[in-house]
Amino acid sequence: MKEIKTTCPYCGVGCGVIAAIDSNGAVTIKGDAEHPANFGRLCSKGAALAETIDLDGRLLYPEVNGQRVGWDNALDKVASGLTDIIQQHGPDAVAFYVSGQLLTEDYYVANKLMKGFIGSANIDTNSRLCMSSAVAAYKRAFGSDSVPCSYEDLERAKLVVLVGSNTAWCHPVIYQRLVRAKQENPDLQVVVIDPRRTATCDIADMHLPIKPGSDATLFNGLLSYLAQHGERNVLFTDNYCEGLETALRTAQYTAPSIDVVAEQCALDVEDVEKFFRLFARSERVVTIYSQGINQSSSGTDKANAIINCHLYTGRIGRIGMGPFSVTGQANAMGGREVGGLANQLVAHMDIENPGHRDIVQQFWRSPTIASQGGLKAVDLFRAVEEEKVKAVWVIGTNPVVSMPEADRVKAALQKCELVVVSDVMARTDTLDLAHIKLPALAWGEKSGTVTNSERRISRQRDFLAAPGEARSDWWIISEVARRMGFGEHFDYATPAAVFDEYARLTAYKNNGSRDLNLSGLAGLTEADYDAMAPIQWPLTTSMSSAALAHPCASPIEINRTCGTQRLFGDGKFFTPSGKAQFVAVTPRPPAMPTGESYPMLLNTGRVRDHWHTMTRSGKSPRLATHTQEPFADIHPEDARRLDIGENTLVSVNSEKGKMVVRARLNEKQQPGSLFVPIHWNDQFSHTARVDVLVGAITDPLSGQPEFKHCPVNVEPYHANWYGFLLSRRELSLENASYWSKSRGKGLWRYPIAGRNVPDDWAQRARQLLCTEHCDVGWTEYFDAATRCYRAARLVNGQLESCLYIGPNHELPAHDWLEPLFSKDVISDQERIALLSGRPPVASDDAGPTVCACFGVGRNTLVKKIREEGVASVEGLGAALKAGTNCGSCIPELKGILEQEFHRPDAAKWGT
Ligand code: SF4
């Protein structure tokens, strides 16, 4: 058994992972108990990583115009395509659109090629969509994009405020650390500020269901309150800050009293007062914020309104306090560091600063350097649409799904002269539009570094051989650079060589003038780089090989091997004056108000077990089981008013587009609002790309789109038949007017619906479900009066597929059918059950999966609670193992327990 320490590729928590490979090459994954981000914990996504590393669906060879070619051919075509366009139309006619999934080394090389050698700043990243407002706010306040806190601060705080952050699902290990911290320290208070009552509210001492978009008013109100109650840290604000008077005056003008704040934020006066009092009295406060703040047309201002409150009280740079933006992707921070955003230079230097441009150009010895910011994501694809950008290279991301006005982005790419896409998968909505496809290495195959939300650099290490002809992104980009004539500047042999150059650049002419300094990591040997333990920047002291490889021994250890835990404890900031800046914030409402045609508000986000556009998490049966279908959460009152039933299909429409998804009635949703997840795309469903609906309205400072506030209407979607289909084989269902698919254990699931009724269901089923020997093995039933058709096909005694069709949404439950696909032979009793649509034994239906790690269904949990009186999460864990691995389902377990306790007949079973 070989064990390799690496880092989870999903979210910005950056958990350490150990991949163990046995002598047969089988991989198992566990959390790294020594990694300071997670100390051994993993969430459901991290725990299921081993299910995502197969080669199914991978892009393994370069292709040009749909034909497999050798690397030389493909790279020559990319280089000559870019060069020709640059020669004819100038450097700004080409663009790169990259990803927070890239390693820092990949990002560095891409940025160097574009900004230092092509001479344009047209390189932007999908991180623009998730945290560029946080970057802009930090830069306004601190003069640098510096996250001041560490995860340890959460455990040492007295109050943790979570704003617009469903931490339980989006940063689950941070949430787990908070749960533990609360258990160990009952005085720790948690306040959740979120329009939805999310799973994170499970640990909240207080939930403020704020009116969407009104966060700046709430924090302006807090600043006024702090002033009114004498909470200013006079020493800190007098000596280390500027701009207080104007910021405070603006806050007092826009949020003069608790009553006004409560009214504008649609909150109870008592709750607002309680929150303000709690914040005022808790010296150790960490405020965590993420997409709920950032994805707004005024996201930068909202983040600054939060930072203002921390500056006013001097709660920054010390243990247990600070404004803490947590990032969405594994290496969103690394991208920020190497200049992956179009408006930044490498190493946190500014593109508008001529001195910084000189430093970078000198260091790179480059012929040119971009002299002004490039196109941010939305503008970049607009420029493609307008044919100003004629070549775009998309690396490791899927803008046809994730960009606002996604259909417009798709149309722009369809007419673009040259589209190059580097990816690990052979089919994505974006890759399908590429002229040149370049196969990249995936997690487990590639090697380099990532930086997590607390500035901690960790190694991602390879433990799998490169498959087919896939190559690392830094190599691919360097080879293109070489073919464009810049070979001597991109002559890297290993990722360690790239990292070394980057580390030396952070130190070059720095002298303490810039926050990002990795001089302590410059000049590492290959062996030191390979062995490097997780460490937080800045880091200016060189270390021995032994110290470098030695991780922090405990969450509270502070020594030089841990790097720098906190910034700004010395009161020195990176603004021209060296002082932190208060920013006067005038709250603005969301850019597009709801109205008569589009009266409801659409909010988008993640679900517990999926990641981005599902290219990785969609491969895992475990992850694909919890949420199997795209959905819209809608409040029951709205559903009643709109004649929408639970689990029925609905059409969600905006000014920009429409989609069809399954309605879920959810009281945790505010009336008048919908929540739809971001993950589904054309590979997994028909018409379920939610960003087709969202308008491309951006924050004027950060360029981040307003994903959290899109006016829509919703109506029932009427089909002429409804059904579901389970099949061992992956199918093509292009004829259904609605379908989605998810992977189960040894099967694919397809909820379906259609408007065209086939003349002969039996014939249609055969066309759909088999390619050969289609006349044998069928057990079927058709009732013309009820318009029900049921069929199962058995091959060699095994269940191959089954199909259930009816005239409405009332279809048999199907969770119990899935285990039948694991059986070698289907019994007679099971054959009858297949047609009747009921399990042969009533208890066989486990219900929808709640605990993905151990496959525990809702019905099983309810039965345990009702029949055996199990009354706690711990009890369910002891009886069924549910919630005992990653813990991601614990909020749902609590929800089920609570629901059961409140059943009218609960007393019967002894609670
Ligand atoms: Fe990966 Fe989960 Fe950790 Fe995020 S919280 S890094 S998804 S294991």
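Above this note sits the structure.
Think of each chain on its own: its residues are numbered from 1, step by step along the sequence as written. Where totals are concerned, whole chains, interfaces and linings use all residues; where local detail is concerned, this predicted model gives features only for residues with pLDDT of at least 70, and gives and counts side-chain atom pairs only at 80 or more. Processing note: side-chain calculations cover all non-hydrogen atoms of the structure and skip hydrogens and water entirely.

### Let's talk about the sheet that holds strand E4 (residues 63–64)
If you walk across this open sheet you meet the seven strands as E5-E4-E16-E15-E14-E6-E7, and the pairing is mixed. At either end of the open sheet lies a strand with only one pairing partner, and these are strand E5 (67–68) and strand E7 (123–125). Following DSSP output, two strands are said to pair if at least two bridges run between them. Helix and strand definitions follow DSSP, with helices as H or I runs of at least four residues and strands as E runs of at least two, each counted in order from the N terminus. As paired elements, strand E6 (residues 94–98) and E7 share three bridges and run parallel to each other. By the bridge assignment for E7, Phe96 is matched with Ile123. Packing of helix H2 (residues 71–89) onto the sheet brings it into contact with E4, E6, strand E14 (391–395), strand E15 (418–423) and strand E16 (436–439), and relative to E16 it is tilted by some 130°. Contacts are assigned to residue pairs with any non-hydrogen atoms lying within 4.5 Å of each other. Orientation is described by lines fitted to C-alpha atoms, with helices fitted over the stretch in contact, and by angles between N-to-C directions that extend from 0 to 180 degrees.

### A closer look at the site of the ligand
Distances are taken per atom, and a residue is near a molecule or strand as soon as one of its heavy atoms is within 4 Å of it. As a matter of local geometry, the ligand sits amid Cys8, Tyr10, Cys11, Val13, Gly14, Cys15, Leu42, Cys43, Lys45, Gly46, Pro172 and Val173. Within the residue set of the shell around the ligand, elements represented by two or more residues are helix H1 (44–47) and helix H7 (172–184). In terms of residue class, the shell around the ligand is made up of nine nonpolar, two polar and one charged. Classification convention: Asp, Glu, Lys, Arg as charged; Ala, Val, Leu, Ile, Met, Phe, Trp, Tyr, Cys, Pro as nonpolar; all other residues, Gly among them, as polar.

### Regarding the packing of helix H8 (residues 215–228) against helix H11 (residues 258–265)
Contact pair H8 / H11: the axes reach a minimum separation of 9 Å and the direction vectors enclose 170°. It follows that H8 is roughly antiparallel to H11 by the angle criterion. Note on element contacts: H11 touches H8 through Ile258, Val261, Gln264 and Cys265, opposite Thr217, Leu218, Gly221 and Tyr225. Oblique is the label for every angle not falling under 35 degrees (roughly parallel), over 145 degrees (roughly antiparallel), or within 65 to 115 degrees (roughly perpendicular).

### Some remarks on the nonpolar core
Residues belong to one nonpolar core when they are buried, are Ala, Val, Leu, Ile, Met, Phe, Trp, Tyr or Cys, and are joined through side-chain atoms within 4.5 Å. The rule is simple: take the accessible area with a 1.4 Å probe, protein chains only, and divide by the maximum for that residue type; under 20% is buried, over 50% is exposed, in between is partly exposed. Ile193, Leu218, Phe219 and Phe275 are the most contacted members of the largest nonpolar core, which has 109 residues in total. Among residues more than four places away in sequence, those in contact with Ile193 are Val161, Leu162, Val163, Gly164, Leu208, Ile210, Leu218, Phe219 and Phe275. Residues Val109, Ile118, Ile476 and Met484 belong to the second largest nonpolar core, which totals 72 residues.

### Quick word on the pattern of salt bridges
In the sections that follow, a salt bridge refers to a side-chain nitrogen of Lys or Arg positioned within 4 Å of a carboxyl oxygen of Asp or Glu. Within the structure shown, the criterion is met by 56 salt bridges. As a salt-bridge pair, Glu51 and Arg622 come within 3.0 Å of each other at their nearest N and O atoms. Linking Glu51 in the loop between H1 and E4 with Arg622 in helix H24 (residues 621–626), this pair joins segments that are 571 residues apart in sequence. With a shortest N-O distance of 3.4 Å, Arg689 and Asp682 are connected by a salt bridge. Here the residues in one salt-bridge network are Asp72, Asp76, Glu479, Arg482 and Arg483, joined through shared partners.

### A closer look at the environment of Asp530
Inspection of the secondary structure assignment puts Asp530 in helix H22 (residues 526–531). A residue is classified by how much of its surface remains accessible, and Asp530, at 41% relative accessible area, is partly exposed. The contact partners of Asp530, leaving out residues within four places of it in the chain, are Arg459 and Arg461.

### Structural notes on the state of the cysteines
When two cysteine sulfur atoms are found within 2.5 Å, that pair is recorded as a disulfide. Within the structure shown, the criterion is met by one disulfide. Each sulfur of the disulfide joining Cys770 and Cys774 lies 2.4 Å from the other. Since its relative accessible area comes to 7%, Cys770 is described here as buried. The structure places no disulfide on Cys241, whose sulfur is separated from the nearest cysteine sulfur, that of Cys309, by 13 Å. Unpaired in terms of disulfides, Cys309 finds its nearest cysteine sulfur in Cys265, a separation of 12 Å.

### Looking at the layout of surface pockets
Sizing a probe to match a water molecule and rolling it over the atoms shows the empty space that remains. The distinction between a cavity and a pocket rests on a 1 Å grid over the protein atoms alone: a 1.4 Å probe fits inside a cavity but cannot get out, while a pocket stays open yet meets protein on both sides within 12 Å along at least five of seven lines, and a residue with an atom within 4 Å of a point counts as lining. Grid points are joined across faces, edges and corners, and a volume is the space filled by probe spheres set on the points. In this structure, the largest pocket encloses a volume near 2100 Å³. Only H24, strand E22 (631–634), strand E24 (658–665), strand E27 (721–727), strand E30 (747–754), strand E34 (849–851) and helix H30 (890–901) provide two or more residues apiece to the lining of the largest pocket. The biggest single contributor to the lining of the largest pocket is H30, with seven residues. When its residues are assigned to classes, the lining of the largest pocket shows 18 nonpolar, 15 polar and 17 charged. Of the volumes computed, that of the second largest pocket is approximately 910 Å³. Contributions of two or more residues to the lining of the second largest pocket are made by strand E3 (27–31), helix H5 (152–156), H7, helix H29 (873–880) and H30. In terms of residues, the lining of the second largest pocket owes the most to one element, H7, which gives eight residues. Partitioning the lining of the second largest pocket into residue classes produces 14 nonpolar, ten polar and eleven charged.

### Points about the sheet that holds strand E9 (residues 189–193)
Pairing in this open sheet of five strands is parallel, and the strands run E10-E9-E8-E12-E13 from one edge to the other. Lying at the two open borders of the sheet, with one neighbouring strand each, are strand E10 (206–208) and strand E13 (322–325). Ignoring strand direction, the axes of neighbouring strands in this sheet form an average angle of 15°. In this structure, strand E8 (residues 159–163) lies alongside E9, joined through five bridges in parallel fashion. Looking at E9, one finds that Val160 is bridged to Val190. Strands strand E12 (285–289) and E13 of the sheet are contacted by helix H4 (residues 132–142), whose axis makes an angle of about 150° with E13.

Shape is all these values report; function is a separate question.
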